[in-house]
Amino acid sequence: RLPLPDSVSQPELVPDPAFHDNPTHLRLLEDLAADLVAGERAVLLIGNQGTGKNKLADRLLQLLGAEREYVQLHRDTTVASLTLAPSLEGGVLA
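Residues numbered from 1 in each chain as written. Predicted model: local features only at pLDDT ≥ 70, side-chain atom pairs only at ≥ 80, totals over all residues. Heavy atoms only, no water.

The tally for this structure, following the rule as stated, stands at 1 salt bridge. For Asp58, the salt bridge identified is with Arg68, shortest N-O distance 2.7 Å. Of this pair, Asp58 sits in helix H2 (residues 53–64) while Arg68 sits in the loop between H2 and helix H3 (79–83), placing them 10 residues apart in sequence. Of the residues examined, Asp58 reaches a relative accessible area of 15% and is grouped as buried. (Salt bridge = Lys/Arg side-chain N within 4 Å of Asp/Glu carboxyl O. Helix = DSSP H or I, 4+ residues; strand = E, 2+ residues; numbered from the N terminus. Buried < 20%, exposed > 50% of the residue type's maximum accessible area, 1.4 Å probe, protein only.)

This is how it looks when you write it as structure tokens:
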């Protein structure tokens with residue numbers, strides 16, 4: 001059984017993608033669902049640009065009724081940039 005969110009605080013963040021089933025994407029969705037059932041709390045999809053990573057994530061979230069938080073990673077991304085919340089103090093980023 002898939003872990004479903006207790007509640008959705010921002011339903012507008014639940015994706016509604018135009019998704020066309022194909023055997024490869026359905027198999028990947030089944031694998032992602034199995035990971036979630038096994039207790040995984042996060043997934044990282046890696047692949048070339050335009051291969052459908054966002055479509056898969058959006059479809060899975062749609063099926064789960066879960067909100068999407070978008071994070072763009074690039075070669076300069078660091079752990080600190082993902083875990084620290086910047087603040088503005090006196091007009092300067094702290």
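The next thing to look at is the layout of surface pockets. Roughly 1,400 Å³ of internal volume is contained in the largest pocket. Of all elements in the fold, only helix H1 (23–37) and H2 reach the threshold of two or more residues within the lining of the largest pocket. The element contributing the most residues to the lining of the largest pocket is H2, with 6 residues. Tallied by class, the residues present in the lining of the largest pocket amount to 18 nonpolar, 10 polar and 7 charged. (1 Å grid on protein atoms, 1.4 Å probe; cavity = no way out; pocket = protein on both sides within 12 Å on 5 of 7 lines; lining within 4 Å. Points joined across faces, edges and corners; volume = space filled by probe spheres on them. Nonpolar A, V, L, I, M, F, W, Y, C, P; charged D, E, K, R; others polar.)

This part takes up the nonpolar core. Of all hydrophobic cores here, the largest spans 9 residues; its members are Phe19, Leu29, Leu32, Leu36, Leu56, Leu60, Leu61, Leu64 and Ala66. Taken together, the elements giving at least two residues each to this core come down to H1 and H2. Counting residues per element, this core draws most heavily on H2, at 4 residues. (Core = buried A, V, L, I, M, F, W, Y, C linked by side-chain atoms within 4.5 Å.)

It is the contact of H1 with H2, at a shortest axis distance of 10 Å, that shows an interaxial angle of 55°. What the angle tells us is that H1 and H2 run oblique. Where H1 crosses over H2, the handedness of that crossing is right-handed. Between H1, through His25, Leu28, Leu29, Leu32 and Leu36, and H2, the contact on the second element is made entirely by Leu56, Arg59, Leu60 and Leu64. Classifying every residue of the contact of H1 with H2 by side-chain character gives 7 nonpolar, 1 polar and 1 charged. (Axes fitted to C-alpha atoms, helices over the stretch in contact; angles between N-to-C directions. Parallel < 35°, antiparallel > 145°, perpendicular 65-115°, else oblique. Left-handed = near helix turned anticlockwise from the far one by under 90°. Contact = heavy atoms within 4.5 Å.)

With that settled, consider the side chain of His25. Checked against the element boundaries, His25 lands in helix H1. Every residue in contact with His25, bar those within four places of it in the chain, is listed here: Phe19, Thr51 and Leu56.

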